[in-house]
Structures are given as structure tokens and as C-alpha cells.
Amino acid sequence: MTDPSGTPYTPPPSAYPAAPPPAGAPVGGAPEPGAAVPGKTLGIVALILAFFVQLIALILGIIALVQSRKAGVKNTPAVWAIIISIVLGIVGIIVAVILIGGLIAAGTDLYNQCLEMGGGTQMIDGVTVTCG
């Protein structure tokens with residue numbers, strides 16, 4: 001577009017030029033290649049710990065997921081850490097309840113046998129037991 005004098009039209013400069021994004025900032029929901037993903041390392045640590053200490057892994061997985069979501073990126077290891085720690089935690093609680101119930105039943109049975117046989121040292125199921 002030209003004006004009557006023949007010079008080409010140039011638009012006036014913007015009062016506020018757009019600042020370039022900081023290095024490593026996510027563009028369109030994905031970080032630049034090679035840029036660190038917030039919470040990714042913590043998510044991997046939580047995933048490893050999920051097999052050994054479920055409560056700590058659950059807490060770390062949630063923290064890692066929140067950090068990643070704030071940055072607008074996915075954190076699959078953190079999600080898996082949360083899922084695995086919940087499942088293994090529930091399985092651990094069930095196993096603990098079964099073991100404690102079995103120990104209580106065995107102790108009660110031993111106590112009742114001692115009451116029936118009287119005090120002193122007794123042989124119960126091939127094991128020497130002192131009933132007192």
C-alpha cells in the first residue's frame with residue numbers, strides 16, 4: 001500500500017513488543033527438546049520407591065504430578081508411582097491383617113492348650129512349651 005507521494009506504508013511500531021519466551025519454557029504444552037521437565041526426576045524416584053515404601057512414594061508422586069501440571073506437561077512416571085503405591089499399599093494392609101489374625105489365632109490356641117494341660121513344661125505339637 002502506498003500513499004499519494006509514492007512511499008510504501010509501514011505500520012507504526014507496537015508500544016509493547018512481545019518478549020521472547022525464556023529458554024526451556026514449554027511451547028504449546030511441550031518442553032523444548034533437552035529441556036528439563038519439572039517433577040520428572042521426582043516422579044521417577046517415586047516410581048522406584050513405590051515398590052518398597054508406598055506411603056513416601058505416594059506423597060512424592062503427588063508432589064511430582066503437581067509440579068508437572070503447573071508447568072503444563074505430562075508426568076507418566078508420577079502417575080504410575082501413585083497408582084502402584086496405592087495398589088501395593090492396599091495389598092500390604094490386607095496381608096498384615098491376615099498375618100496378625102493368624103498370629104492371634106495361633107497364640108490363642110497355644111494358650112488354651114496350656115490351660116488344658118496345666119502349668120509347667122509341656123510338649124505341644126512336637127515343641128517344648130513352658131506354660132506358666
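Just so you know, these numbers come straight off a predicted model, no measurement behind them.

## Side note on the overall build of the protein
Turning to step 1, where the next piece is worked out: Check the secondary structure of the protein and you find three helices and two strands.
Turning to step 2, where the next piece is worked out: Along the protein, helices (α) and strands (β) appear in the sequence α-α-α-β-β when read from the amino end.
Turning to step 3, where the next piece is worked out: In the protein, the share of contacts with a sequence separation of at least 24, taken over all contacts with a separation of at least 6, comes to 46%.
Turning to step 4, where the next piece is worked out: Summed over all atoms, the accessible surface of the protein reaches about 9,600 Å², with 72% contributed by carbon and sulfur.

## Description of the side chain of Gln122
Turning to step 1, where the next piece is worked out: Its location among the elements puts Gln122 in strand 1 (residues 120–124).
Turning to step 2, where the next piece is worked out: Using a relative accessible area of 19% as the deciding quantity, one classes Gln122 as buried.
Turning to step 3, where the next piece is worked out: Setting aside residues no more than four positions away along its own chain, Gln122 makes contact with Met117, Val127, Thr128, Val129 and Cys131.

## A look at the pairing of strand 2 (residues 127–131)
Turning to step 1, where the next piece is worked out: The pairing of strand 1 with strand 2 spans five bridges and is classified as antiparallel. Its bridge partner lying in strand 2, Thr121 is registered against Thr130.
Turning to step 2, where the next piece is worked out: In textbook terms, the turn of a hairpin is the stretch between consecutive antiparallel strands, and for strand 1 and strand 2 this stretch comprises two residues, one of which, Asp125, has a positive phi near 55°.

## Describing helix 3 (residues 76–117)
Turning to step 1, where the next piece is worked out: Spanning 42 residues, helix 3 covers 61 Å between terminal C-alpha atoms, matching the ideal 62 Å at 1.5 Å per step.
Turning to step 2, where the next piece is worked out: Of all the positions in helix 3, only Pro77, Ala78, Ala81, Ile82, Ile84, Ser85 and Cys114 are classed as buried.
Turning to step 3, where the next piece is worked out: Contacts made by the buried residues of helix 3 are with helix 1 (40–49), helix 2 (54–71), strand 1 and strand 2.
Turning to step 4, where the next piece is worked out: One or two steps after helix 3, the chain reaches Gly118, where phi turns positive at roughly 90°.

## Considering the state of the cysteines
Turning to step 1, where the next piece is worked out: In the structure shown here, the tally under the stated rule is one disulfide.
Turning to step 2, where the next piece is worked out: With its sulfur 1.9 Å from that of its partner, Cys114 forms a disulfide with Cys131. Given an S-S torsion of about -60°, the disulfide between Cys114 and Cys131 has left-handed geometry. Separated by 17 residues along the polypeptide, Cys114 in helix 3 and Cys131 in strand 2 bring together distant segments of the chain.
Turning to step 3, where the next piece is worked out: Judged by relative accessible area, Cys131 falls into the buried class, the value being 7%.

Cut-offs used in this document
All chains use their own residue numbering, which begins from 1 and follows the written sequence. Side-chain atom pairs in this predicted model are given and counted only at pLDDT of 80 or more, local residue features only at pLDDT of at least 70, and totals for whole chains, interfaces and linings cover all residues. Note that the side-chain values use all heavy atoms of the structure and ignore hydrogens as well as water. A helix here means a DSSP run of H or I that spans at least four residues, while a strand means a run of E at least two residues long, and both kinds are numbered starting from the N terminus. Contact definition: two residues touch when any of their heavy atoms are within 4.5 Å. The method behind every accessible area is Shrake-Rupley, applied with a 1.4 Å probe, and residues are considered shielded solely by the protein chains displayed. Accessibility here uses a 1.4 Å probe with only protein chains present; expressed as a share of the type maximum, an area under 20% marks a residue as buried, one over 50% as exposed, and anything in between as partly exposed. Between any two strands, at least two bridges found by DSSP are needed for them to pair. Multiplying one less than the number of residues by 1.5 Å gives the expected span of a helix. Two cysteine sulfur atoms form a disulfide, by the criterion used here, when they sit within 2.5 Å.

Spatial relationships are all this shows, so hold off on functional conclusions.
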